[in-house]
Amino acid sequence: MRLKPFCILSIVVLFISSASFVRASPWALPEDPLLYHDLKVLADEGIVDLPVTTWPIPWPDIAQAIERVQRSSSLPTRVRPSFNRITQALHRESQAGSGAFYLSAGAKTENSENTARIATIPRTTGELGIGTSWLGDALALGIESHFSYARDGQDVDWRLDNSYIGAVLGNWILSASLLPRQWGPGFDGSLLLSTQSRPLPSLTLERRQSTRSKTLNFLGPWRFIVSASGLYSYKD
């Protein structure tokens, strides 16, 4: 059966070794549009004091912001669903000592475009992925293997997108990764870094939790990220 243009078929099967059904990861990745929306809602309402324009965001940074809200007064009714979803995701995905195993498959038509948006969208005619991850107190490891084919199965590719290894050094995270990045305030791409292209192999040093500067307090909480990446020799 031929899929209609711009129609995407995606099937995801998850199996988690613990009670959760998500990846065990130190970061919230720019792949879940609902999580992205919920954080933006709370930030726009001034409820969480957190930079939300540079993804991925460390879960400890989100946890710090959520804890401040829990100690404060009651939330407006209009934002309570967003707050509850973030709290549940935080509990599932950031528990130290948790591990995960997952399988994914996706397909799209040749006429479909790789739209730069916050979502997991297959980049080729067909994709099959398998991965595992583990999150400890000071070390995190995730390995994903993706097999893809295009042009009626003539081109077969294998890649390690979304794989990473990271270590916690005080309030810093040092990592080597192939993680997707979205730098900017919008949902549909960015002129800096976006999910339009494949993740770049990167060596990154970043702050684990954002803080306010005493001298520049008016700027709000700030994060520091320095990353060295390698570019592919072809457009993908």
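Quick note: structure is the one above.
Residues numbered from 1 in each chain as written. Predicted model: local features only at pLDDT ≥ 70, side-chain atom pairs only at ≥ 80, totals over all residues. Heavy atoms only, no water.

Cis geometry is found at the peptide bond from tryptophan 55 to proline 56, where omega equals 5 degrees. Checked against the element boundaries, proline 56 lands in the loop between strand S3 (54–55) and strand S4 (57–58). At asparagine 162, a residue that is not glycine, the phi angle is positive and equals roughly 75 degrees. Following the sequence through the fold, asparagine 162 ends up in the loop between strand S8 (155–159) and strand S9 (164–169). Exposure remark for asparagine 162: the relative accessible area of 9% places this residue in the buried category. (Helix = DSSP H or I, 4+ residues; strand = E, 2+ residues; numbered from the N terminus. Buried < 20%, exposed > 50% of the residue type's maximum accessible area, 1.4 Å probe, protein only.)

Next up on the list: the side chain of arginine 207. When you line up the elements, arginine 207 lands in strand S12 (residues 202–207). Although buried, arginine 207 forms no salt bridge, and the nearest oppositely charged side chain, aspartate 61, lies 7.7 Å from it. Within polar-contact distance, the side chain of arginine 207 engages the side chain of threonine 211 at 2.5 Å. For arginine 207, the residues in contact, after removing those within four places along its chain, are Pro58, Asn171, Trp172, Trp222, Arg223 and Phe224. (Lys, Arg positive; Asp, Glu negative; His and termini not counted. Salt bridge = Lys/Arg side-chain N within 4 Å of Asp/Glu carboxyl O. Polar contact = N/O pair within 3.5 Å; in protein donor to acceptor, adjacent residues only side chain to side chain. Contact = heavy atoms within 4.5 Å.)

With 24 residues, the main nonpolar core has Leu39 and Ile62 as its most contacted residues. The set of elements that each furnish at least two residues to this core consists of helix H1 (33–44), helix H2 (59–71) and helix H3 (80–93). If you tally residues by element for this core, the top one is H2, at 6 residues. Filtering out sequence-adjacent residues up to four positions away, leucine 39 remains in contact with Val48, Leu50, Val52, Trp55, Ile57, Ile62 and Ile86. (Core = buried A, V, L, I, M, F, W, Y, C linked by side-chain atoms within 4.5 Å.)

The next thing to look at is the environment of isoleucine 47. Counting through the fold element by element, isoleucine 47 comes out in the loop between H1 and S3. For the pair isoleucine 47 and leucine 75, spaced 28 residues apart in the sequence, the C-alpha separation amounts to 8.3 Å. Excluding residues that lie within four positions of it along the chain, isoleucine 47 makes contacts with Leu42, Val69, Leu75, Pro76 and Val79.

Counted by the stated rule, this structure contains 6 salt bridges. A salt bridge links arginine 85 to aspartate 38; the nearest nitrogen and oxygen atoms lie 2.8 Å apart. Of this pair, arginine 85 sits in helix H3 while aspartate 38 sits in helix H1, placing them 47 residues apart in sequence. Overall, the relative accessible area of 32% leaves arginine 85 in the partly exposed class. Between aspartate 161 and arginine 159 there is a salt bridge; the shortest N-O distance is 3.8 Å. Residue aspartate 161 shares its accessibility class with arginine 159, and that shared class is buried.

A separate point is the packing of aromatic side chains. One pass over the structure, following the stated rule, counts 3 aromatic pairs. Ring plane angle 40 degrees and centroid distance 5.1 Å describe the contact between tyrosine 36 and tryptophan 55, whose orientation is recorded as tilted. Taken together, the residues span a long stretch of sequence, with tyrosine 36 in helix H1 and tryptophan 55 in strand S3 at a distance of 19 residues. Ring centres of tryptophan 172 and phenylalanine 224 lie 5.8 Å apart, and the angle between their planes is 80 degrees; this geometry places the pair in the edge-to-face category. Pair noted here: tryptophan 172 is in strand S10 (residues 172–177) and phenylalanine 224 is in the loop between strand S14 (221–222) and strand S15 (225–229), with a separation of 52 residues, a long-range link. (Phe/Tyr/Trp six-rings, centres within 6.5 Å; stacked < 30°, edge-to-face > 60°.)

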